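Understanding the architecture of this molecule
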Amino acid sequence: MIDISPEMTTLIMMGAIFVGIFTGYPLAFVFGTVGLFVGFTVWGLKAIEIIYGRMYGIMMDYILLAVPLFVFMGVMLERSGITEKLYDALYVWLGGFRGGLAILTVLIGTILAACVGIIAASITMLALVALPSMVRKGYSKSLGAGAVVAGGCLGILIPPSVMLVVYGPTAGVSVGKLFMGAFFPGFTLSALYCTYIAVYSFLKPQAAPSVPVEERQVPFLIKTRMLIVALGPVAILIMSVLGVIFLGIAPPTEAAGVGALVATLLTIGYRRFNFTVLKDVVRVTMSTCGFIFLIIAMAVAFTSVFLGAGCGDVVERFILAAPGGKWGIFAIIMFIIFILGMFIEWIGIVLIMVPIVTPIATTLGFDIVWFSIMVCVNLQMAFMTPPVAGGIFICRGACPENLGVTMGDIIRGVVPFVLLVIIGLTLMTVFPQIILWLPAQMIR
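Residues numbered from 1 in each chain as written. Predicted model: local features only at pLDDT ≥ 70, side-chain atom pairs only at ≥ 80, totals over all residues. Heavy atoms only, no water.

1. Points about the packing of helix α10 (residues 175–203) against helix α19 (residues 407–430)
Stated formally: Note on definitions: angles span 0 to 180 degrees between N-to-C directions of axes, and those axes are lines fitted to C-alpha atoms, for helices only across the stretch in contact. Secondary structure elements are taken from DSSP: a helix is a run of H or I of four residues or more, a strand is a run of E of two residues or more, and numbering for both begins at the N terminus. If an angle is under 35 degrees, it is roughly parallel; if it is over 145, roughly antiparallel; if it lies from 65 to 115, roughly perpendicular; otherwise it is oblique. Each helix crossing is assigned a hand: it is left-handed if the near helix lies turned anticlockwise from the far helix by less than a right angle, otherwise right-handed if that turn is clockwise. Contact definition: two residues touch when any of their heavy atoms are within 4.5 Å. For this scheme, ten residues count as nonpolar: Ala, Val, Leu, Ile, Met, Phe, Trp, Tyr, Cys and Pro. Four count as charged, namely Asp, Glu, Lys and Arg, and the remainder, Gly too, count as polar.
Between α10 and α19, the shortest axis-to-axis distance is 10 Å and the interhelical angle comes to 135°. With respect to their mutual orientation, α10 and α19 come out oblique. Considering the relative orientation of α10 and α19, their crossing is right-handed. Residue-level inspection shows P185, T188, L189, L192, Y193, Y196 and I197 of α10 in contact with α19, the latter providing P416, F417, L420, V421, I423, G424, L427 and M428. Grouping the amino acids of the contact of α10 with α19 by side-chain chemistry returns 13 nonpolar, 2 polar and no charged.

2. Comments concerning the packing of aromatic side chains
Rules: Side-chain rings of Phe, Tyr and Trp, where Trp is taken by its six-membered ring, are said to pair if the distance between their centres is within 6.5 Å; with planes under 30 degrees apart they count as stacked, over 60 as edge-to-face, and otherwise as tilted. Charge over a ring is defined by NZ of Lys or CZ of Arg lying within 6 Å of the ring centre and within 35 degrees of the ring normal.
Counted according to the given criterion, the structure contains 18 aromatic pairs. Cluster of aromatic residues (ring-pair linked, three or more members): W327, F330, F366, W370 and F371. Sitting over the ring of F366, K326 keeps its end group 4.5 Å from the ring centre.

3. Focus: the environment of F335
Within the secondary structure layout, F335 lies in helix α15 (residues 325–341). On a C-alpha basis, the gap between F335 and D88 in space is 40 Å, while along the polypeptide they are 247 residues apart.

4. Things to note about the pattern of salt bridges
Side chains that differ in charge, positive against negative, can pair when their charged atoms come close. Heads up, the condition is: We define a salt bridge as a contact between a side-chain nitrogen of Lys or Arg and a carboxyl oxygen of Asp or Glu at a distance within 4 Å. Summary of the burial criterion: residues with accessible area below 20% of their type's maximum are buried, those above 50% are exposed, and those between are partly exposed, where the area comes from a 1.4 Å probe applied to protein chains only.
Considering all chains together, one arrives at 3 salt bridges under this definition. Between R317 and E7 there is a salt bridge, with its nearest N and O atoms 3.3 Å apart. Here R317, found in helix α14 (residues 311–320), pairs with E7, found in helix α1 (residues 6–22); they are 310 residues apart in sequence, far enough to count as distant. We note a salt bridge from D409 to R412, for which the minimum N-O separation is 2.7 Å. Taken together, the residues span about one helical turn, with D409 and R412 both in helix α19 at a distance of 3 residues. Note on R412: relative accessible area 52%, which makes it exposed.

5. Considerations on empty space enclosed by the protein
So the rule is basically this: A pocket here means an open set of points on a 1 Å grid, computed over the protein atoms alone, that has protein on both sides within 12 Å along at least five of seven lines. A cavity is instead a set of points where a 1.4 Å probe fits but cannot get out; residues with an atom within 4 Å of a point line either one. Grid points are joined across faces, edges and corners, and a volume is the space filled by probe spheres set on the points.
Counting across every chain of the model gives 3 cavities of 30 Å³ or more. When its volume is computed, the largest cavity comes out at roughly 80 Å³. Around the largest cavity, the lining residues are M14, I17, F18, F31, F302, L340, I344, G348, I349, I352 and M353. Mapped by element, the contributors of at least two residues to the lining of the largest cavity are α1 and α16 (346–364). Of the residues forming the lining of the largest cavity, the biggest block, 4 residues, is contributed by α16.

Shown next as structure tokens:
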């Protein structure tokens, strides 16, 4: 054991994390290696007891059972073909407006967000269904790709969101309240995205032409029926998960189980279910959750040592000493999370930063649900800001090669949406009830 001051330990651990990230090693291995090495250096063999106790407590948290269930639900729904039906139904309603297909893409992303909860599935579906249609109709590739990434990324914010399920136990906040608190912020971002597309299309009509009349000449009753048939199953799924949470019938874990069952029944109803689909869904669920739980375990090893060695107090004193009062400190926290989002995946930020900044938010007197959702809205930008921009890379990988959409097109397309997230954060700061109203209405 070596006697190291908390200040020096903080510098060593944070520096080692950034060096490890830039080496390209998986995030879980970086967290685990740094945590174990510093733990043994500071505490010797006692580090095993400390890390194991903290890790066991987090990994046995009952709410985390919702993670594989929500992932299963989202992947199963991806196989159901529901996106195609939604797109066909809304296409005949919105295709006549300038920018209508891009707005339609964001709206479908919003609907999928309330059903799927994982951005990889949402962005992939939109890139395969919506982006080819926009490019063929003469849309700007940047606008189309930006709408796909921004709309798909709403899946990590609007419930049922895997990020909120992980965030809750990490911060000691009710996942049910986080679910309700994230609804209106997600819809606010969606409305900002649609407004931007409408204004941009008006100013640059050549970038988003309307669909020819002959392609959308469908009788009113028929297109109304298409809309009801497409939205009906979605409404059932949303109510089966989020409705029971809001009404106090079941907590998130049980609601996730119901959602997984309903998604499977919908896939059967759409005649897309077979043994191959079930096998693929289970495989993707296991690999995704294995990745998530490995990072959780290793990040807990890191935070156990970081907080146990007094590094959390060092960071707290440093942040609280910043000028500008509580709002200046809040702005600094948001800026730090924004910068980290450029280099670290969301799960690493949640598991490392949340245990550190949550006590600071409590000390400053911020409502913990409001603060938590503000962090989650901020993390929307992490998927759209290079170099580590999950949404951009997923879109590029899923986009059909024959469309000719480049990485530059996607990056140029997402920049305005990043600015819109900043505007959204400002609105939620000025009007906190955007976040807090719905959780206050929950039936306990």
